[in-house]
Amino acid sequence: MFLTILFKWTEIDWIKWMPVEVAVLLFLIISIRIIRRLTRWSSIKISHVREGLWDYNGIKYHSYYKSNPLETVDRTERKSENSQKNDRILLIPPLMDKIKMGNHLATAITMLGHDVIVLDRNKVLDFCKNNEDGEKIGLDFEKFLLEGHFSTVILFDWSIFPIFKLLGFNENQPLKKNLLNISWILIRPTLKWNDIRSIWKIIPFTGIWFSKLCFLKFQKNFYNKSSQVFKNDVSNPDKSDNTTIKNNSLKNFRFIQPSNSWLSKEGEKNLVNYQKNFLKISNSDIFQFSQGNWTFFRSETIVLGIIIQDILKNKKQK
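All residue numbers refer to position in the chain's written sequence, counted from 1. Predicted model: local features are reported for residues with pLDDT of at least 70 only, side-chain atom pairs are reported and counted for 80 or more only, and whole-chain, interface and lining totals are derived from all residues. Neither water nor hydrogens contribute to the side-chain values; these are computed over all heavy atoms in the structure.

A separate point is the overall build of the protein. Only runs of H or I of at least four residues qualify as helices and only runs of E of at least two qualify as strands under DSSP, and these elements are numbered from the N terminus. Looking only at helices and strands, the protein features twelve helices and eight strands. Exposed residues in this analysis have more than 50% of their type's maximum accessible area, buried residues have under 20%, and partly exposed residues fall in between, with area computed by a 1.4 Å probe over protein chains only. Looking at the protein as a whole, 46% of its 318 residues qualify as buried. By the convention used here, residues are in contact when the closest approach between their heavy atoms is within 4.5 Å. Partitioning the intrachain contacts of the protein with sequence separation of at least 6 by distance along the chain shows that 76% fall at a separation of at least 24. Accessible surface area values rest on a Shrake-Rupley calculation with a 1.4 Å probe, where residue burial reflects the displayed protein chains alone. Counting every atom, the protein has about 17600 Å² of accessible surface; 56% of that belongs to carbon and sulfur.

Shown next, in the form of structure tokens:
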């Protein structure tokens, strides 16, 4: 068949073969998208960054730390496990990010001189399902953040809701100053599962489609039981009690939002209400891309620059 097409292409009825042509074209497009998704961010290694395990209460967490390339691996790993720095960064990567070694974002931040602890989805799930008593779980995670000396927490879409729920950033209770002293960088903010558009309304094999496909597996654990957590009346901008952060409170929230969101119109309104009325943040704390898709394709360095800028600014203020 191939030789026939090659040598007798002028004699072929291309109209008749149109369905085959379209199918081949779709197959190539889908294959290219999948290959790009799987290979775009491979693991990275650099001489001044080591990887190891950080021990907290007998549980090992994957960690990144800056080191002298002339030091031995054993020496730098012991140094990382025993360090009690006040500038640790907690990174909870996207669900699609299955790279446990050589994470590009963790490596870049480590070059600033910070220790980076990576909390994968299984560790987040462990915090969420430890105990049926939601208050006790929240205290466990709060203790983890404070005893771990984390100065910044970086969250992506799927992890924002469960983490904020654990810490009471959305309940009718006072927000603790110790938690507000931490800098929170929220990328592709998502507050409720119901705020996300239906998967059938999203073009297949895009970044949003892949993200939601991964997200579906965690919906039951993270979202179903608490779909109404963000129920306090944030629609009233004059409300001033413990359910909102007052204007004179220390606010260390930064939002990085792509132009192409998976939120519905109602979901976008809920997010704006939460940002303006609950967190009381200003427009300068929201970095909204006017162009750039869900994965910030070709804009990744800008996202990294915003993250590093915020980390350095908080470091200077201490």
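Residues in a regular strand project their side chains so that they alternate between the two faces of the sheet. In terms of burial, strand S7 (residues 253-257) is largely enclosed, as five of its five residues are buried. In S7, alternate side chains face the same way, and those of Phe253, Phe255 and Gln257 on one face and Arg254 and Ile256 on the other are all buried. If DSSP finds at least two bridges between two strands, the strands pair. Both strand S6 (residues 183-187) and S7 contribute to a ladder of four bridges, which runs parallel. Bridge assignment links Trp184 to a residue of S7, and that residue is Phe253. With three bridges joining them, S7 and strand S8 (residues 286-288) adopt parallel strand pairing. Across the sheet, the residue bridging to Phe255 is Ile286, located in S8. In this view, the connection linking S7 to its parallel neighbour S8 by way of helix H11 (residues 265-278) has right-handed handedness. The handedness rule is simple: strands pointing away from the viewer, and a clockwise path from the first strand over the helix to the second, make the crossover right-handed.

Moving on, we come to the pairing of strand S3 (residues 88-92). With five of its five residues buried, S3 lies for the most part within the structure. The alternating pattern of S3 places Arg88, Leu90 and Ile92 on one face and Ile89 and Leu91 on the opposite face, and all of these are buried. Relative to strand S5 (residues 150-156), S3 runs parallel, the two being bridged by five bridges. Paired with Arg88 across the two strands is Phe150, which belongs to S5. Bridge count for S3 against strand S4 (residues 116-118) is three bridges, and the pairing is parallel. Following the sheet pairing, Ile89 is matched in S4 by Val116.

The next point concerns the sheet that holds S3. Spatially, eight strands are ordered S1-S2-S4-S3-S5-S6-S7-S8 in an open sheet, and the strand pairing comes out mixed. Two strands close off the open sheet at either side, each with one partner strand: strand S1 (49-56) and S8. For this sheet, the mean inter-axis angle between neighbouring strands, taken without regard to orientation, is 20 degrees. Relative to strand S2 (residues 59-66), S1 is paired through eight bridges, and the arrangement is antiparallel. Looking at S2, one finds that Arg50 is bridged to Tyr65. Lying on the sheet, H11 is in contact with S7 and S8; it crosses S7 at an angle near 155 degrees. Lines are fitted to the C-alpha atoms to define the axes, a helix being fitted only along its stretch in contact, and any angle between axes, read from their N-to-C directions, falls within 0 to 180 degrees.

What follows concerns the packing of aromatic side chains. Under the pairing criterion, centres of Phe, Tyr and Trp rings, with the six-membered ring standing for Trp, must be within 6.5 Å; the plane angle then separates stacked pairs below 30 degrees from edge-to-face pairs above 60, leaving the rest tilted. One pass over the structure, following the stated rule, counts 22 aromatic pairs. Taking the centre distance of 5.8 Å and the plane angle of 20 degrees together, the rings of Trp54 and Tyr56 count as stacked. With respect to burial, Trp54 and Tyr56 carry one shared label: buried. Note on Trp54 and Tyr61: the rings are 5.8 Å apart at their centroids and 45 degrees apart in plane angle, and the pair reads as tilted. Summarising the burial analysis for this pair, Trp54 and Tyr61 share the class buried. Site record: aromatic cluster; members linked through ring pairs are Trp54, Tyr56, Tyr61, Phe127, Phe141, Phe144 and Phe150. Charges are assigned to positions over rings by a cutoff of 6 Å between ring centre and Lys NZ or Arg CZ, combined with an angular limit of 35 degrees from the ring normal. The ring of Tyr61 is capped by Lys123, whose NZ or CZ atom sits 5.6 Å from the centre of that ring. When the ring centre of Trp193 is taken as origin, the NZ or CZ atom of Lys212, which lies over that ring, is 5.4 Å away.

What follows covers the confidence of the model for the protein. Interpretation of the predicted coordinates at a detailed level should be avoided for regions scoring low in pLDDT. Per-residue confidence for the protein averages 79 on the pLDDT scale, and 75% of its residues sit at or above 70. On a scale of 0 to 100, pLDDT captures the predictor's confidence in every residue. Here residues 225-242 is a poorly scored stretch, pLDDT under 50, and it has 32 contacts once near neighbours within four places are set aside; other chains count.

In this section: the nonpolar core. Most often, soluble globular proteins have nonpolar side chains that are buried together. Put simply, buried Ala, Val, Leu, Ile, Met, Phe, Trp, Tyr and Cys residues joined by side-chain atoms within 4.5 Å make one nonpolar core. By size, the foremost hydrophobic cluster in this structure holds 50 residues, and its most contacted members are Phe141, Phe144, Leu145, Phe164, Trp184 and Phe253. In terms of residues, this core owes the most to one element, helix H7 (residues 157-167), which gives six residues. Those residues within four positions of Phe141 in sequence are excluded, and the remaining contacts are Leu90, Leu119, Phe127, Ile163, Leu166 and Leu167. Grouped together as the second largest cluster of nonpolar side chains are 20 residues, Tyr64, Leu105, Ile185 and Val303 included.

Quick look at the pattern of salt bridges now. Pairs may arise between side chains of opposite charge once their charged atoms sit close together. By definition, a salt bridge exists where a carboxyl oxygen of Asp or Glu is found within 4 Å of a side-chain nitrogen of Lys or Arg. The full count for this structure, using the stated rule, is five salt bridges. Here Arg188 makes a salt bridge to Asp157, at a shortest N to O gap of 2.7 Å. Of this pair, Arg188 sits in the loop between S6 and helix H9 (207-216) while Asp157 sits in helix H7, and the two are 31 residues apart along the sequence. Of the two residues, Arg188 and Asp157, both sit in the buried class.

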